Amino acid sequence: MSQPWTTISDGGPARPVVLAVDYDATGRRDATFRDLVELLPSPLTVRLSGQPPRGERTDAQLLDRWAGDLPATVGAILGYCAGSIFACALADRIERERGTRPATVLFNPGRPDASTLRRDFDGVVGSMSLLDPRERADFLEKAAKQVAATPDDFNEVAGTLYELYGQASRITFERADIDADVGEELVAVFGSYISYLRAARRVEPRPGWARGAAVVSRDHVQPAAFTPNPVRTGLERERLLGDPAVAQAVVRLIGAEE
C-alpha cells in the first residue's frame, strides 16, 4: 500500500509545506506535479498524494487517509483535474479543524464524468505501441461507442472501459513477455484510478471553493463551483504542469516568493 503522501520536492524546514493531489500512475501523457516541481523558481517542500489502495474507496475514506498524515503547517494545496475536488475538500477540513484555510491552486478543475475517463483511456491505450494500429483503433472505437451510448452513466462507462483496458493490456503484456501476475497488478492500477474518480464524483462543492485560484489550459471549460476568474493559458492540457510560466504563477498565487 502506498503512503498517504510522498515528498517530491524538499525546500527545507523554513519553507511552507505544499500538498499536491493527483493520481499520476495511470500512464497518461499529461505532465504531472513531478514535472512542475522541477520548474519552480525557488524550491518548495511539496508532498504528493499517494494512490488509494486497491478496491472501492469512498471520498470519506480517501480524505481520512490523507488528512490523517498532514504536516503541522500546510501552506497551500494544489489539485489537478479530479484532484482539485479533493484539494478543496482537504482545505475545507483544515479550515474547520485548524481555523485557517490554506491557499488552493487548481489546475483544470472539474467533476469527472464519462468523457474524463474516455480521454484518459484513449491516452493510455493510444500509447500501447505493441498493439497494431487496427487493434488500437478497435479498442478506441469500442470505448467511444460506449460513451456515446451512455454519456451520463459513469458506472456503465467505467465498467466497459476497465474491461477494454484489461483486454488491451493483456495483449501488450503477452507480447512484451511480462509475467501474468505482474500484468494483473498493472491492470488493477487502472481500476484503482476509476475508484478515485468515482470517489471524487461524490464530493459536494462548498462555497469556500470559489475562493481559490485556478490555472487552466486553453480548451478547459471552467465549472461554476470553482474560482470564477481562472488564469487561462494558451497551453494544451498535456503541457499545463510542464510549463515554466505556470510554475512561476504557482509560487506567486500561493504567496511563496522569496
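Structure shown above.
To start, this report covers the structure provided alongside it. (Residues numbered from 1 in each chain as written. Predicted model: local features only at pLDDT ≥ 70, side-chain atom pairs only at ≥ 80, totals over all residues. Heavy atoms only, no water.)

1. Points about the overall build of the protein
Just so we agree on the cut-off: Helix and strand definitions here come from DSSP, where helices need a minimum of 4 consecutive H or I residues and strands a minimum of 2 consecutive E residues; each element is numbered from the N-terminal end. Using C-alpha atoms as the atom set, the radius of gyration is obtained and then compared with a globule rule of 2.2 Å times the number of residues to the power 0.38. For every residue, the accessible area (1.4 Å probe, protein chains only) is compared with the maximum for its type, and the residue is labelled buried under 20%, exposed over 50%, or partly exposed between those bounds. Per-residue and other accessible areas follow the Shrake-Rupley method at a 1.4 Å probe size, with only the shown protein chains counted as cover for residues.
Along the backbone of the protein there are 8 helices and 7 strands. Computed over the C-alpha atoms, the radius of gyration of the protein is 18 Å, within 12% of the 18 Å expected from 2.2 N^0.38 for a compact globule of 258 residues. By principal-axis analysis of the C-alpha atoms, the protein measures approximately 55 × 35 × 35 Å. When the 258 residues of the protein are sorted by exposure, 53% land in the buried category. As displayed, the protein offers around 12,000 Å² of accessible surface, 49% of which is attributable to carbon and sulfur atoms.

2. Side note on helix α5 (residues 133–149)
Heads up, the rule is: What a helix should span is 1.5 Å times the count of its residues minus one. Note that the arc is computed from the directions linking the helix axis to the C-beta atoms. Contacts were defined at the residue level, with two residues in contact if any of their heavy atoms lie within 4.5 Å.
For α5, built from 17 residues, the straight-helix expectation of 24 Å at 1.5 Å per residue is met to within 8% by its first-to-last C-alpha distance of 24 Å. Residues of α5 that are buried include every one of Arg136, Phe139, Ala143, Gln146 and Val147, and no others. Here the buried residues of α5 occupy an arc of 100° about the axis, which is enough to place them on one side. For α5, exposure combined with an orientation more than 90 degrees from the buried face picks out Pro133, Arg134, Lys145, Ala148 and Ala149. Summarising the contacts, the buried residues of α5 are in contact with α4 (114–126) and α6 (154–175).

3. Considerations on unusual backbone geometry
Note: most residues except glycine have negative phi, and most peptide bonds are trans. Positive phi values are uncommon outside glycine, yet cysteine 81 reaches one of about 55°. Positionally, cysteine 81 belongs in the loop between β4 (74–80) and α3 (83–98). On the basis of relative accessibility, which here comes to 11%, the residue cysteine 81 falls in the buried class. Here asparagine 108, not a glycine, exhibits a phi torsion of approximately 45°, which is positive. Its location among the elements puts asparagine 108 in the loop between β5 (103–107) and α4. Residue classification places asparagine 108 among the buried positions, given a relative accessible area of 2%.

4. Side note on the sheet that holds β5
Test applied: Two strands pair under a simple rule: DSSP has to find at least two bridges between them.
With mixed pairing, 7 strands are arranged side by side in an open sheet as β1-β3-β2-β4-β5-β6-β7. Unpaired on one side and paired on the other, β1 (5–9) and β7 (231–232) mark the two borders of the sheet. Two strands pair when backbone bridges link them, and strand β6 (residues 213–216) and β7 are joined in this way by 2 bridges, in the parallel orientation. Paired with valine 215 across the bridge in β7 is valine 231.

5. Overview of the nonpolar core
Keep this limit in mind: Within this scheme, the nonpolar core is defined by two criteria: the residues are buried Ala, Val, Leu, Ile, Met, Phe, Trp, Tyr or Cys, and they are joined through side-chain atoms within 4.5 Å.
Membership of the largest hydrophobic core comes to 51 residues, with the highest contact counts inside it found for Val21, Trp66, Ile77, Phe86, Leu117 and Tyr196. Listing elements by their share of this core, those giving two or more residues are β2 (17–21), α2 (59–67), β4, α3, α4, α5, α6 and α7 (180–201). With residues near it in sequence (within four places) discarded, tyrosine 196 still touches Val21, Asp22, Tyr23, Pro52, Leu62, Trp66, Ala82, Gly83 and Phe86. Listed in part, the 26 residues of the second largest apolar core include Ala76, Phe107, Val215 and Leu241.

6. Digging into the layout of surface pockets
Empty space left among the atoms is revealed by rolling a probe the size of a water molecule over them. What counts is decided by this rule: Cavities and pockets were defined on a 1 Å grid built from protein atoms only: a cavity is a group of points that admits a 1.4 Å probe but offers it no way out, a pocket is an open group of points flanked by protein on both sides within 12 Å along at least five of seven lines, and a lining residue is one with an atom within 4 Å of any such point. Grid points are joined across faces, edges and corners, and a volume is the space filled by probe spheres set on the points. Think of it as three bins: nonpolar holds Ala, Val, Leu, Ile, Met, Phe, Trp, Tyr, Cys and Pro, charged holds Asp, Glu, Lys and Arg, and polar takes everything else, Gly as well.
When its volume is computed, the largest pocket comes out at roughly 410 Å³. Cys81, Thr116, Arg119, His220 and Arg237 are the residues nearest the centre of the largest pocket, which is lined by 22 residues in total. When its residues are assigned to classes, the lining of the largest pocket shows 5 nonpolar, 7 polar and 10 charged.

7. Focus on a nonpolar patch on the surface
Which entries qualify depends on this criterion: Patch rule: a residue counts if its relative accessible area is over 30% and it has no salt bridge; like charges are joined within 9 Å, and nonpolar side chains (Val, Leu, Ile, Met, Phe, Trp, Tyr) within 5 Å. Any carboxyl oxygen of Asp or Glu within 4 Å of a side-chain nitrogen of Lys or Arg constitutes a salt bridge here.
Together, Ile178, Val182 and Leu186 make up a nonpolar patch on the protein surface, roughly 220 Å² of accessible area in all. For leucine 186, a relative accessible area of 39% puts it in the partly exposed group.

8. A closer look at the pattern of salt bridges
The full count for this structure, using the stated rule, is 14 salt bridges. Residues glutamate 141 and lysine 145 are paired through a salt bridge, measuring 3.4 Å at the closest nitrogen-oxygen approach. Here lysine 145 and glutamate 141 lie together in helix α5, a separation of 4 residues that amounts to about one turn. According to the relative accessible area criterion, glutamate 141 is partly exposed, its value standing at 42%. With relative accessibility at 54%, the residue lysine 145 sits in the exposed group. One salt bridge in this structure joins glutamate 236 and arginine 218, with 2.2 Å as the shortest N-O distance. With a gap of 18 residues between them, glutamate 236 in the loop between β7 and α8 (244–253) and arginine 218 in the loop between β6 and β7 connect regions that are remote in the sequence.

9. Side note on the packing of aromatic side chains
Cut-off, in case you're wondering: The rule is short: rings of Phe, Tyr and Trp, with Trp giving its six-membered ring, pair when the centres are within 6.5 Å, and they are stacked under 30 degrees, edge-to-face over 60, tilted in between.
Under the definition given, this model contains 9 aromatic pairs. Centroid distance phenylalanine 86 to tyrosine 196: 5.3 Å. Interplanar angle 50°. Geometry classified as tilted. Of this pair, phenylalanine 86 sits in helix α3 while tyrosine 196 sits in helix α7, placing them 110 residues apart in sequence. A single burial state applies to phenylalanine 86 and to tyrosine 196, both of which are buried. Taken together, Trp5, Tyr23, Trp66, Phe86, Tyr165, Phe190, Tyr193 and Tyr196 form an aromatic cluster joined through their ring pairs.

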